[in-house]
Amino acid sequence: IERDTPKLSGLLNQRKATNERVNKALEAFATTTEIRNDFSAFINELDEDPRIEISEQTIAAETNDLPKVENITVSFKAKTNFLLWLQFRNKFIRRIGEINVIEETIIAPPNVPTVDITIKMSRPGRSS
């Protein structure tokens, strides 16, 4: 025991330092409430534009393997002009930064100036 005490002490110090780094990294995550608000504001911004039609919107939390972290996902359908969609989408992703686009389908029916968009995005957040 005496021989291994310095090793155990060193390992405990390493564990403590690792826990401190993890907690600092966790503090850098936005809260899940902030993420929900960002996604809601994005949907509202799209919905306020008369050139965009939004439907089937959901915002949900998905658990993951990280303690105190949830993935907040938003999914919805939109009907709009392709370039207008890219403008809104890219502006949102640049502003928020940590967005993962999980799924995005864009269907352009022939002879129609609008496209049908289905999107699901996610962002990890610190759960309360």
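Being a predicted model, the structure only gives us computed values, none of them experimental.

Trainee: I keep staring at the pattern of salt bridges and nothing clicks. Help me out?
Mentor: A pair can form between side chains of opposite charge whenever their charged atoms are brought close. For the structure on display, the rule yields eight salt bridges. Between D49 and R51 there is a salt bridge; the shortest N-O distance is 2.7 Å. R89 is the partner of E104 in a salt bridge, and the nearest nitrogen-oxygen pair spans 2.9 Å. Taken together, the positions of E104 in strand β3 (residues 100-107) and R89 in helix α3 (residues 82-96) put the pair 15 residues apart, joining distant regions of the chain. On the basis of relative accessible area, E104 is assigned to the partly exposed category, the value being 29%. For R89, a relative accessible area of 15% corresponds to the buried category. What you see here is one network of salt bridges that share partners, running through D38, E98 and R123.

Trainee: Would you mind showing me how to read the sheet that holds strand β4 (residues 115-126) here?
Mentor: Adjacent strands of a sheet pair through backbone hydrogen bonds, lying either parallel or antiparallel. Spatially, β1-β2-β4-β3 is the arrangement adopted by the four strands of the open sheet, whose pairing is antiparallel. The sheet is open, and its two edges are formed by β1 (53-63) and β3, each paired on a single side. Strand-to-strand, the axes of this sheet are offset by a mean angle of 10 degrees, without reference to chain direction. Pairing of β1 with strand β2 (residues 69-80) involves nine bridges; the strand directions are antiparallel. From the neighbouring strand, E62 faces β2, where its bridge partner is N71.

Trainee: Explanation requested: the nonpolar core in the structure shown.
Mentor: Soluble globular proteins tend to bury their nonpolar side chains together. Membership of the largest hydrophobic core comes to 23 residues, with the highest contact counts inside it found for F42, L46, F76, F92 and M121. Of all the secondary-structure elements, those providing two or more residues to this core are α2 (32-48), β2, α3 and β4. The element that contributes the greatest number of residues to this core is α3, accounting for six residues.

Trainee: Got a minute to help me understand the packing of α2 against α3 in this structure?
Mentor: To characterise two packed helices, one gives the angle between the axes of the helices and the distance between these axes. Contact geometry of α2 with α3 gives a least axis separation of 12 Å together with a crossing angle of 160 degrees. With respect to each other, α2 and α3 are oriented roughly antiparallel. In terms of crossing hand, the pair formed by α2 and α3 is right-handed. Along its contact with α2, which presents D38, F39, F42, E45 and L46, the element α3 presents W85, F88, R89, K91, F92, R95 and I96. Here the residues of the contact of α2 with α3 are counted per class, giving seven nonpolar, no polar and five charged.

About the thresholds
Residues numbered from 1 in each chain as written. Predicted model: local features only at pLDDT ≥ 70, side-chain atom pairs only at ≥ 80, totals over all residues. Heavy atoms only, no water. Salt bridge = Lys/Arg side-chain N within 4 Å of Asp/Glu carboxyl O. Helix = DSSP H or I, 4+ residues; strand = E, 2+ residues; numbered from the N terminus. Buried < 20%, exposed > 50% of the residue type's maximum accessible area, 1.4 Å probe, protein only. Pairing = 2+ DSSP bridges. Axes fitted to C-alpha atoms, helices over the stretch in contact; angles between N-to-C directions. Core = buried A, V, L, I, M, F, W, Y, C linked by side-chain atoms within 4.5 Å. Parallel < 35°, antiparallel > 145°, perpendicular 65-115°, else oblique. Left-handed = near helix turned anticlockwise from the far one by under 90°. Contact = heavy atoms within 4.5 Å. Nonpolar A, V, L, I, M, F, W, Y, C, P; charged D, E, K, R; others polar.

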